[in-house]
Amino acid sequence: MKRIDLEREDLVRVWRHDFPILDTRPNGKPLVYLDNAATTQKPYRVIEAEADYYRNTNSNVHRGVHWLAERATEAYERSRATVAKFIHAADTSEIIFVRGTTEAINLVAHSFARPRLQPGDEIVISAIEHHSNIVPWQLACEQTGATLKVVPVDDTGTLDVRAFEDLLSPRTKLVALAHVSNALGTINPIKRLIDIAHKHGIPVLLDGAQAIAHVPVDVRSLDCDFYAFSGHKLYGPTGIGVLYGKAKWLGTMPPWQGGGDMIRTVSFEKTTYNELPWKFEAGTPNIAGAIALAAAIDYIGSLGFGAIEACEHALLEHATDELQRVDGVRLIGTAAEKSGILSFVVDGIHAHDVGSILSDAGVAVRAGHHCAMPAMARFNVPATVRASLALYNTHEEIDALVKGLARVKELFGS
Ligand SMILES: *Cc1c(COP(=O)(O)O)cnc(C)c1O
């Protein structure tokens, strides 16, 4: 290893101590957790924030007049401010707490797209989207007579920008694209794509689930109209996520779910709605989750995105080199701009078999279609093995993966 890599590895070794689960030993072997695109592990700070909330603050928000309720409301709203600052939103009213990326996209499909879609209108997505950024649009299209248009990718998994521009038409009502592909790791040239769409007057939603923990996001400089992400892929808890939307859109959108908290007044004749962002937060929210998500954001801030990106990038290069050197391994997704995701197939051995042999060796990867069946179809494979990196992964863990693959080939005699 080069000296600079060694220094990075020292940093990563320190970071690892923040994650208690990394000390577990499946089958007596050190856990090598390379399934971070499915969900990330949680640092003490996040686990403590959630427990501390229930120990010291638990109460419902926006209702009670008592001391605890005020304290809970303050903590919940402070978390919203932390999120707004993290993604550089102009105002906290543009941050809606939801269950995750899936719910965020469904909210936009329901309250933004559906009322605007006429028969013959179009929504543009790409060939490498997560099902969460396909199916909500298909539902909206079914209900309105609109159609879905798909931007192709080339053999490396790079989106075809020329084809993207050609697909846009006066009938295009929305563009919805992954910031980073969860199946291949491709980082899309989102600034360019947004500028092109806006030139045609078309709003853009970004599915940021796979980007948010790995690259800094600035919704204002990107000028995206919506940005969706999940807390659990950002070292935060499950069940909490964020929809960012420009106030000018959110203000015109009808509520999605009805219930408590999203109203101002209710009568049987007429109900009036609360202001933003609460108009979109019906019912008791995941208060502890929002607070723990803010703790995750603070944690990342304490490490610094620059350092995280540098470590993950160096590890991705190392892992790419190592995997390409293994006989019979073919990487799927080799775009020039990539995040730490290595999707691959092994000649003659099913991805699930590879995954379970690796699991016996303590190496956790994902094997399957990664909720992106059309992306698999594009590359003519039913499934891939996916190793996905996070800030706590080391060169040794990549070596363990490669060693595990040697064992797979031994067992399957290829
Ligand atoms: C994980 C993921 C989603 C879905 O996130 P949920 O937390 O399951 O709602 C959507 N898009 C991408 C790119 C993802 O990686």
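Coordinates for the structure precede this section.
All values derive from a computational prediction rather than experimental measurement. Throughout, a residue's number is its position along its own chain's written sequence, starting from 1. For this predicted model, a pLDDT threshold of at least 70 governs which residues receive local features, and a threshold of 80 or more governs which side-chain atom pairs are given and counted, while totals over whole chains, interfaces and linings are taken from all residues. Each side-chain value is derived from all of the structure's non-hydrogen atoms; neither hydrogens nor water enter the calculation.

Colleague: Tell me about the site of the ligand, residues and numbers included.
Modeller: Neighbouring residues of the ligand: Thr101, Thr102, His130, Ser132, Asn182, Asp207, Ala209, Gln210, Ser230, His232 and Lys233. The definition of a polar contact used here is a pair of N or O atoms within 3.5 Å, where within protein one atom must be able to donate a hydrogen and the other to accept one, and adjacent residues in sequence count solely through side-chain atom pairs. Taking Asp207, its side chain carries an N or O atom lying 2.5 Å from a nitrogen atom of the ligand. Here an oxygen atom of the ligand sits 2.7 Å away from a polar atom, N or O, in the side chain of Ser230. Surface exposure here means Shrake-Rupley accessible area, sampled with a 1.4 Å probe, where a residue is shielded only by the protein chains that are shown. In isolation the ligand has 390 Å² of accessible area, and contact with the protein removes 86% of it. For this description, a residue counts as near a given molecule or strand if any of its non-hydrogen atoms is within 4 Å of it.

Colleague: Requested: an account of helix 11 (residues 305-324), with residues and values cited.
Modeller: The numbering of helices and of strands both runs from the N terminus, where a helix is a DSSP run of H or I of at least 4 residues and a strand a run of E of at least 2. Take the number of residues in a helix, subtract one, and multiply by 1.5 Å to get its expected span. When the terminal C-alpha atoms of helix 11 are compared, their 28 Å separation across 20 residues agrees well with the 28 Å that a helix rising 1.5 Å per residue should span. Residue exposure (1.4 Å probe, protein chains only): buried if accessible area is under 20% of the type maximum, exposed if over 50%, otherwise partly exposed. Within helix 11, the full set of buried residues consists of Phe305, Ile308, Cys311, Glu312, Ala314, Leu315, Leu316, His318, Ala319, Glu322 and Leu323. Note on contacts: a residue pair is in contact if any heavy atoms of the two residues lie within 4.5 Å. In this structure, the buried residues of helix 11 make contact with helix 1 (3-16), helix 3 (67-86), helix 10 (287-303), strand 11 (329-332), strand 12 (341-346) and helix 14 (395-412).

Colleague: Requested: an account of the packing of helix 2 (residues 44-56) against helix 10, with residues and values cited.
Modeller: Axis lines are fitted to C-alpha atoms, over the contacting stretch for helices. Their N-to-C directions set the angle, which ranges from 0 to 180 degrees. Two numbers describe how helix 2 lies on helix 10: the axes approach to 8 Å, and their chain directions differ by 150°. What the angle tells us is that helix 2 and helix 10 run roughly antiparallel. Once helix 2 is placed against helix 10, the crossing between them reads as right-handed. Here Arg45, Val46, Ala49, Glu50, Tyr53 and Tyr54 of helix 2 come into contact with helix 10, specifically with Ile287, Ala288, Gly289, Ile291, Ala292, Ala295, Ala296, Asp298, Tyr299 and Ser302. Gly is placed with the polar residues, together with every amino acid not listed as nonpolar (Ala, Val, Leu, Ile, Met, Phe, Trp, Tyr, Cys and Pro) or charged (Asp, Glu, Lys and Arg). For the contact of helix 2 with helix 10, the residue count by class is 11 nonpolar, two polar and three charged. The labels follow the angle: roughly parallel below 35 degrees, roughly antiparallel above 145, roughly perpendicular from 65 to 115, and oblique for the rest. Here is the rule for handedness: rotate from the far helix to the near one, and if that takes an anticlockwise turn smaller than a right angle the crossing is left-handed, while a clockwise turn gives right-handed.

Colleague: I'd like to hear about the sheet that holds strand 15 (residues 384-388), residue by residue, with values.
Modeller: Two pairing modes exist for strands in a sheet, parallel and antiparallel, and in both the strands are linked by backbone hydrogen bonds. Strand order in the open sheet formed by four strands is 11-12-15-14, and the pairing between neighbours is antiparallel. Two strands in the sheet have a free side with no partner beyond their single neighbour: strand 11 and strand 14 (366-368). Neighbour-to-neighbour, the strand axes of the sheet open up by a mean angle of 30°, direction not taken into account. Strands were regarded as paired on the criterion that DSSP finds at least two bridges between them. Sheet topology places strand 14 next to strand 15; three bridges connect them, and they run antiparallel. Paired with Ala367 across the strands is Val385, a residue of strand 15. In the packing of helix 11 onto the sheet, the strands contacted are strand 11 and strand 12, and the crossing angle to strand 12 comes to about 10°.

Colleague: So what's going on with unusual backbone geometry? Which residues, and what values?
Modeller: In the segment running from Leu276 into Pro277, the intervening peptide bond is cis, with an omega of -5°. Relative to the assigned elements, Pro277 resides in the loop between strand 10 (272-273) and helix 10. One non-glycine residue with positive phi stands out, namely Asp261, at about 80°. The topology assignment puts Asp261 in the loop between helix 9 (247-250) and strand 9 (263-265).

Colleague: Outline helix 12 (residues 351-360), listing residues and values.
Modeller: Residues Ala351, Val354, Gly355, Ile357 and Leu358 constitute the buried set of helix 12. End-on view of helix 12: buried residues confined to an arc of 170°, all on one side of the axis. Packing partners of the buried residues in helix 12 comprise strand 12, strand 13 (363-364), strand 14, strand 15 and helix 14. Of all possible arcs, the one meant is that of the directions from the helix axis to the C-beta atoms.

Colleague: Lay out the pattern of salt bridges in plain terms, naming residues and giving numbers.
Modeller: Close approach of charged atoms allows side chains with opposite charge to pair. One speaks of a salt bridge when a side-chain nitrogen belonging to Lys or Arg is within 4 Å of a carboxyl oxygen belonging to Asp or Glu. Evaluation of the coordinates by the stated rule reveals 17 salt bridges. One salt bridge connects Arg378 with Asp155, and the closest N-O pair in it is separated by 2.8 Å. In this pair, Arg378 sits in helix 13 (residues 373-378) while Asp155 sits in the loop between strand 4 (147-151) and helix 6 (161-167), placing the two residues 223 residues apart along the sequence. The partner of Asp223 in a salt bridge is Lys246, and the shortest N-O contact between them spans 3.0 Å. Of this pair, Asp223 sits in the loop between helix 8 (219-222) and strand 7 (226-230) while Lys246 sits in the loop between strand 8 (241-245) and helix 9, and the two are 23 residues apart along the sequence. Judged by relative accessible area, Lys246 falls into the buried class, the value being 13%. Shared partners join several salt bridges into a network, and the residues in it are Asp10, Arg13 and Glu396.

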